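Residues per chain, in single letters:
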Amino acid sequence: MPATIEIMQTDITTLAVDAIVNAANNTLLGGGGVDGAIHRAAGPRLVAECSTLGGCATGDAKITKGYDLPARHVIHTVGPVWHGGVRGEAELLHSAYRRCFEVAAENGVRSIAFPAISCGVYGYPMRDAASIALSAAKEAVGDNPLLERVVFVLFNNEAAQVYRDAAAALGIL
Ligand code: AR6
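Residues numbered from 1 in each chain as written. Predicted model: local features only at pLDDT ≥ 70, side-chain atom pairs only at ≥ 80, totals over all residues. Heavy atoms only, no water.

## Observations regarding the overall build of the chain
Moving on, step 1. When its secondary structure is counted, the chain shows 5 helices and 6 strands.
Moving on, step 2. Along the chain direction, N to C, the helices and strands of the chain fall in the order β-β-α-α-β-β-α-β-α-β-α.
Moving on, step 3. A globule of 173 residues ought to have a C-alpha radius of gyration of about 16 Å, and the chain, at 15 Å, matches this closely.
Moving on, step 4. Projecting the C-alpha coordinates of the chain onto the three principal axes gives extents of approximately 40 × 40 × 30 Å.
Moving on, step 5. When each of the 173 residues of the chain is scored for burial, the buried share is 47%.
Moving on, step 6. Intrachain contacts of the chain at a sequence separation of at least 6 include 67% that bridge at least 24 residues.
Moving on, step 7. Carbon and sulfur atoms make up 54% of the accessible area of the chain, which amounts to about 7,800 Å² in all.
Moving on, step 8. For the chain, the centre of its 13 positive side-chain charges and the centre of its 17 negative side-chain charges are spaced 3 Å apart. (Helix = DSSP H or I, 4+ residues; strand = E, 2+ residues; numbered from the N terminus. Rg over C-alpha atoms; globule rule 2.2 N^0.38 Å. Buried < 20%, exposed > 50% of the residue type's maximum accessible area, 1.4 Å probe, protein only. Contact = heavy atoms within 4.5 Å. Areas by Shrake-Rupley, 256 points an atom, 1.4 Å probe, with all protein chains shown as cover. Lys, Arg positive; Asp, Glu negative; His and termini not counted. Charge placed at Lys NZ, Arg CZ, Asp CG, Glu CD.)

## Some words on the layout of surface pockets
Moving on, step 1. Empty space within the largest pocket amounts to approximately 590 Å³.
Moving on, step 2. Considering the residues around the largest pocket, the lining is formed by 26 residues, among which A23, G33, V34, A116 and G120 are closest to the centre. (1 Å grid on protein atoms, 1.4 Å probe; cavity = no way out; pocket = protein on both sides within 12 Å on 5 of 7 lines; lining within 4 Å. Points joined across faces, edges and corners; volume = space filled by probe spheres on them.)

## Quick look at the site of the ligand
Moving on, step 1. What surrounds the ligand is a group of 22 residues, the closest being N25, G32, V34, D35 and S118.
Moving on, step 2. One of the backbone N or O atoms of G32 is found 2.7 Å from an oxygen atom in the ligand.
Moving on, step 3. Within the contact set of the ligand, an oxygen atom lies 2.7 Å away from a side-chain nitrogen or oxygen of D35.
Moving on, step 4. When the free accessible area of the ligand is taken as 710 Å², the share hidden by the protein chains comes to 88%.
Moving on, step 5. In this structure the site holding the ligand corresponds to the largest pocket.
Moving on, step 6. The element that contributes the greatest number of residues to the shell around the ligand is helix α1 (residues 33-42), accounting for 4 residues.
Moving on, step 7. Its residues assigned to classes, the shell around the ligand comprises 12 nonpolar, 8 polar and 2 charged. (Near = heavy atom within 4 Å. Polar contact = N/O pair within 3.5 Å; in protein donor to acceptor, adjacent residues only side chain to side chain. Sits in = over half its atoms within 2 Å of the grid points. Nonpolar A, V, L, I, M, F, W, Y, C, P; charged D, E, K, R; others polar.)

What follows is the structure, given as C-alpha cells:
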C-alpha cells in the first residue's frame, strides 16, 4: 500500500502521529510561530534535549522525543529565509523536506506531519513552497515502503487551498 498524502487544516501540536516536523531556527532552542507552539505543548524537556544537539544547519533535520505532545517524536528542521529566490532558497527548502523524510526513515517513522516550513516569519511564498513540499513527499513515498501517512498541516483555509491546487497540479490528490 503506498502512503497517503493528506492536506489538513488544524494545529499541528494536536496530532497523534509518529512525528511532527518543527519549522525551527539554527539554534533549535525555540522561537515563535509553530516552533513556539510545539515547545509550549511539549514542555521544558524538549528544549533540554534540543540543547544537546549542537543546533541544525539550514536544510538539515534532527530528531527528538515528543515529550508531552501526542506525537512520539519531533523532527526539527530549518528552512531558508526568503531573499527573493536568488540565494538557493528552493534547493534549501527541498533539502529540509528531504532530510526530514530521511531522518523519519532512519527512525522507523510511519506517519509524519509537516507545517508549511519557511512560510511564516521566513517569508517563503506559499505557492512555491507547497510544490516543493508535495514533490518531496511524492519522492519519499516512492523511496520508503514503511511510510504510511504524510500530512501537510495548514493553519488556515486559504493556505490549505494553495496546497490542494499544488497537489492537483502535481497529480497527487
Ligand atoms: N500548527 C500548524 N501550523 C502553524 C502553527 C501550528 N500550531 N503555528 C504556525 N503555523 P513559522 P518559518 C504555520 O513562522 O517561516 C520561528 O520563530 C504558520 O501559519 O512558524 O519556518 C522559528 O524559531 C506558517 O504558515 O516558521 C524560526 O526562527 C507556518 O506554520 C522561524 O520562526 C510556518 O511559520 C521559522 O520561520
